[in-house]
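# Summary of structural features
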Amino acid sequence: MDIEKLKLKDNHTWKSKPGYSICVIDRGLVRFDYPGTWVVEPGAGAVHLFDRPPSVESCDLGVSIFRVPAEHVRELSLDDMLGNTLGHDRKPYQQSEIRHIARGDLEIAWLEQRYIDAEYKRYARFRVALARGPVLCLISMNYWSNRAAGLERVWEEVLRTLVFGERIADPTAGPVVQ
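The residue numbers shown here count from 1 along each chain, following its written sequence. Where totals are concerned, whole chains, interfaces and linings use all residues; where local detail is concerned, this predicted model gives features only for residues with pLDDT of at least 70, and gives and counts side-chain atom pairs only at 80 or more. Working from all heavy atoms in the structure, the side-chain values ignore hydrogens and water.

### Overview of the packing of aromatic side chains
When two rings of Phe, Tyr or Trp (its six-membered ring) have centres within 6.5 Å they constitute a pair, described as stacked for plane angles under 30 degrees, edge-to-face for angles over 60, and tilted for the intermediate range. Summed over the entire model, instances satisfying the criterion amount to three aromatic pairs. On the basis of an interplanar angle of 85° and a centroid distance of 5.8 Å, the ring pair of Tyr93 and Tyr123 is categorised as edge-to-face. Note that Tyr93 is positioned in strand E6 (residues 92–95) and Tyr123 in strand E9 (residues 123–132), a separation of 30 residues in sequence. Placement of a positive charge over a ring is assigned whenever Lys NZ or Arg CZ falls within 6 Å of the ring centre and within 35 degrees of the normal to the ring plane. Residue placement shows Arg90 over the ring face of Phe126; its charged tip is 3.6 Å from the ring centre. The cationic tip of Arg122 hangs over the ring face of Trp144; the distance from NZ or CZ to the ring centre is 4.0 Å. Under the scheme used here, helices are H or I runs from DSSP no shorter than 4 residues and strands are E runs no shorter than 2 residues, and both carry numbers assigned from the N terminus.

Right under this line is the structure:
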């Protein structure tokens, strides 16, 4: 995915909490708020956001979009798909129950794994969410456990502000407000 930072018009309609910026992917197909000081970088099929320059110490929040035909999206079990995203590279000593959020046509399933990083021998956490709307959106976040308190608030804000399918004709002006 390519990343483009735009200068907003003086009369733009974008709204976010103080200190936060808005990530708009594919002209509004997916949108959410994130801390304004975070570093945003493109990845292969994803956008990565870091709380500091990318390093072993940074928190990595990744967002990927999967375009699945609309007739198939509703047939798929969100919980099963979420379980299939976990992979086997972590050996969790604790995994949360799957949590669910529903807002209008948006459904989110997410969970947290706690594990000991094999390379660094440190306690770490991995959160992953699968959101269903007009597309599927996978959001993941990796961070060290000793930084959990501040980073979990970011996770909550990303999920709280997640919006799908609101096409933005002019991203420098923001969504049309009636």
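### Focus on a nonpolar patch on the surface
The grouping of Tyr93, Ile116 and Tyr123 at the surface amounts to a nonpolar patch, some 340 Å² of accessible area in total. We classify Tyr93 as partly exposed; its relative accessible area is 47%. The patches described consist of residues with a relative accessible area above 30% and no salt bridge, like charges being joined within 9 Å and nonpolar side chains (Val, Leu, Ile, Met, Phe, Trp, Tyr) within 5 Å. Using a 1.4 Å probe, the Shrake-Rupley method yields the accessible areas, and only the shown protein chains count as cover for residues. Any Lys or Arg side-chain nitrogen found within 4 Å of a carboxyl oxygen on Asp or Glu counts as a salt bridge. Note on classification: 1.4 Å probe, protein chains only; a residue is buried when its accessible area is under 20% of the maximum for its type, exposed when over 50%, partly exposed between these limits.

### Details of the sheet that holds strand E11 (residues 163–164)
The three strands are arranged E1-E2-E11 in an open sheet whose pairing can be described as antiparallel. Each end of this open sheet is capped by a strand with a single partner; those strands are strand E1 (20–25) and E11. Two residues form a contact once any of their heavy atoms are found within 4.5 Å. The angle between two axes is taken between their N-to-C directions and runs from 0 to 180 degrees, where each axis is a line fitted to C-alpha atoms and a helix contributes only its stretch in contact. Contacts between helix H3 (residues 148–161) and the sheet are confined to E1, strand E2 (30–35) and E11, with E2 contributing the most and set at about 155° to the helix. Two strands are counted as paired when DSSP detects at least two bridges linking them.

### Remarks on the pattern of salt bridges
One pass over the full model with this rule turns up twelve salt bridges. Linking Arg147 and Asp51 is a salt bridge whose minimum nitrogen-to-oxygen distance equals 2.1 Å. With Arg147 in the loop between strand E10 (136–144) and H3 and Asp51 in the loop between strand E4 (46–50) and strand E5 (60–66), this pair connects stretches of sequence that are 96 residues apart. Two residues, Glu152 and Arg127, come together in a salt bridge whose shortest N-O distance is 3.4 Å. Taken together, the residues span a long stretch of sequence, with Glu152 in helix H3 and Arg127 in strand E9 at a distance of 25 residues. For Arg127, a relative accessible area of 6% corresponds to the buried category. Bridged by salt links that share partners, the residues Glu112, Arg114, Arg125, Arg127 and Glu152 form one connected network.

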